[in-house]
Amino acid sequence: MRYAHTLFALCVGLLGLPTHAETPAEMAATYAQAAGGKASAEAGKALYFREVQKNGKAISCATCHTKDPKAMGMTLAFREINPLAPIANPRRLTDPKKVDKWFRRNCDDVFSRECTPQEKADYLAWLLSVR
Amino acid sequence: MKHCWLPRLVLSALMLCALPSVAGEHGEGGSRLLLTPPNKAYKEECASCHMAYPPGLLMASGWQKMMGGLNKHFGSNASMDAATAKEITQFLTLHAADRATGRFQSKVAREGGRDAGVIRISETAWFVRKHDEVSPSVYKRKAIGSVANCMACHRGAERGDYDEHAVSIPR
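Residues numbered from 1 in each chain as written. Chains lettered and ligands numbered in written order. Predicted model: local features only at pLDDT ≥ 70, side-chain atom pairs only at ≥ 80, totals over all residues. Heavy atoms only, no water.

A few words now on the overall build of chain B. Within chain B, the regular secondary structure consists of 8 helices and 0 strands. Counting from the amino terminus, chain B carries its helices and strands in the arrangement α-α-α-α-α-α-α-α. Counting over 171 residues, chain B shows a buried share of 41%. Pairs at least 24 apart in sequence give 57% of the contacts found in chain B among residues at least 6 apart. Accessible area of chain B: about 10400 Å², with a carbon and sulfur share of 60%. (Helix = DSSP H or I, 4+ residues; strand = E, 2+ residues; numbered from the N terminus. Buried < 20%, exposed > 50% of the residue type's maximum accessible area, 1.4 Å probe, protein only. Contact = heavy atoms within 4.5 Å. Areas by Shrake-Rupley, 256 points an atom, 1.4 Å probe, with all protein chains shown as cover.)

Have a look at this one:
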């Protein structure tokens, strides 16, 4: 079994699937590239705080992640969320699959749609700019 | 009352000794705890948003139905790639109330005649009976939030301890 795992990891590695870790800056650059090379931290911040009505309540990214992305958050189902800002959480924005997954899930949760490549690029630019 | 303290003490001591070994060695078998073997994918994909609810609290058909509708999961998008979803479905159904062998799971399954396809643990016959004295307003208390927050009252829920004597309902 152990060898099977190693073999699998090797194959995945050779195929070049995004299993390797990146730095948050590299991640932001990749997303900016997908958005035509531009990313606005200011627009990202506005997106983070943009409120939409859902089931009679105003919700935003900040509902779970709090108004400070350096702080611990809490899911609607009572789980703690580690800080979003890389400065407060070095493991954040280092796994492309995770970043993709949470954009997919959470843009739908809050905005009831996918986020655009530009919105994602802006969002990451803002998270990186948080000091 | 005074004369009976010794047997009680002995009994307590015996229970203290017996519990960890039951929990540690015999898996879900005869334990009073609701135990489930750990699963990395379940922990990562599901338990990052909510408690790792024990698979033994729903029937296998309920888990199958739930896993078939993850993009609309109790109001959230919990979608994941197909391979991971398949792995987690296998894990959940293998340890479901009507598939697992533990005494806790068997109890849930015994009452689960009408629970086929039920995807809310709080709507299973077993859960409803066990919580029939808790008024719906209790779950809305700030320190609880909703019926989904097992750990608010069952502090040991995450390690499978739902003993009613240890329940402490926040005011």
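On we go from here.
Before going further, it helps to examine the state of the cysteines. Per the counting criterion, the structure on display carries 1 disulfide over all chains. What pairs with Cys107(A) in a disulfide is Cys115(A), and their sulfur atoms sit 2.0 Å apart. Classification of the bridge connecting Cys107(A) and Cys115(A) rests on its S-S torsion, roughly -105°, and on that basis the disulfide is left-handed. Under the relative-accessibility criterion, Cys107(A) is labelled buried at 5%. Exposure remark for Cys115(A): the relative accessible area of 6% places this residue in the buried category. Here Cys61(A) is not cross-linked by a disulfide; its sulfur's nearest cysteine counterpart is in Cys107(A), at 7.2 Å. The exposure class assigned to Cys61(A) is buried, which follows from its relative accessible area of 12%. Cys49(B) supplies the cysteine sulfur nearest to Cys64(A), a cysteine that is in no disulfide, at a spacing of 8.4 Å. (Disulfide = S-S within 2.5 Å.)

Now for the packing of helix H3 (residues 60-67) of chain B against helix H4 (residues 82-94) of chain B. Residues and elements named next belong to chain B. Two elements in contact, H3 and H4, have axes separated by 9 Å at closest approach and are oriented at 165°. Relative to H4, H3 is oriented roughly antiparallel. By crossing handedness, the relation of H3 to H4 is classed as right-handed. Contacts from Ala-60, Trp-63, Gln-64 and Met-67 in H3 reach Ala-85, Ile-88, Thr-89, Leu-92 and Thr-93 in H4. A class-by-class count of the residues in the contact of H3 with H4 yields 6 nonpolar, 3 polar and no charged. (Axes fitted to C-alpha atoms, helices over the stretch in contact; angles between N-to-C directions. Parallel < 35°, antiparallel > 145°, perpendicular 65-115°, else oblique. Left-handed = near helix turned anticlockwise from the far one by under 90°. Nonpolar A, V, L, I, M, F, W, Y, C, P; charged D, E, K, R; others polar.)

What follows is about the side chain of Thr124(B). Residue and element names in this part refer to chain B. Within the element layout of this structure, Thr-124 appears in the loop between helix H5 (103-110) and helix H6 (125-130). Thr-124 sits in the buried class, given a relative accessible area of 1%. A polar contact is formed between the side chain of Thr-124 and the backbone oxygen of Ile-121, at a distance of 2.9 Å. Residue contacts for Thr-124: discarding those within four places in its chain leaves Leu-57, Leu-58, Asp-115 and Val-118. (Polar contact = N/O pair within 3.5 Å; in protein donor to acceptor, adjacent residues only side chain to side chain.)

Further remarks concern helix H5 (residues 96-111) of chain A. All names here are of chain A. With 16 residues, H5 extends 22 Å from end C-alpha to end C-alpha; this agrees with the ideal 22 Å at 1.5 Å per step. Looking only at H5, the buried set comprises Pro-96, Val-99, Lys-101, Phe-103, Arg-105, Cys-107, Asp-109, Val-110 and Phe-111. Capping the start of H5 is the job of one residue whose side-chain oxygen sits 3.0 Å from the backbone nitrogen of Lys-97: Asp-95. Of the residues trailing H5, Ser-112 is marked for its positive phi of about 55°. (Expected span 1.5 Å × (residues − 1).)

Across the boundary between the two partners, chain B contributes 22 residues, which contact 12 residues of chain A. Across the interface of chain B and chain A, roughly 1300 Å² is buried in total on both sides, 40% from carbon and sulfur atoms. One can count 3 salt bridges joining chain B with chain A. Here Lys101(A) ties to Glu45(B) by a salt bridge, and the two come within 3.1 Å at their closest N and O atoms. Remark: the boundary between chain B and chain A carries 12 residue pairs in polar contact (both at pLDDT 80 or more). Across the side of chain B that touches chain A, the residue classes tally to 9 nonpolar, 10 polar and 3 charged. (Buried area = accessible area lost by both parts, 1.4 Å probe. Salt bridge = Lys/Arg side-chain N within 4 Å of Asp/Glu carboxyl O.)

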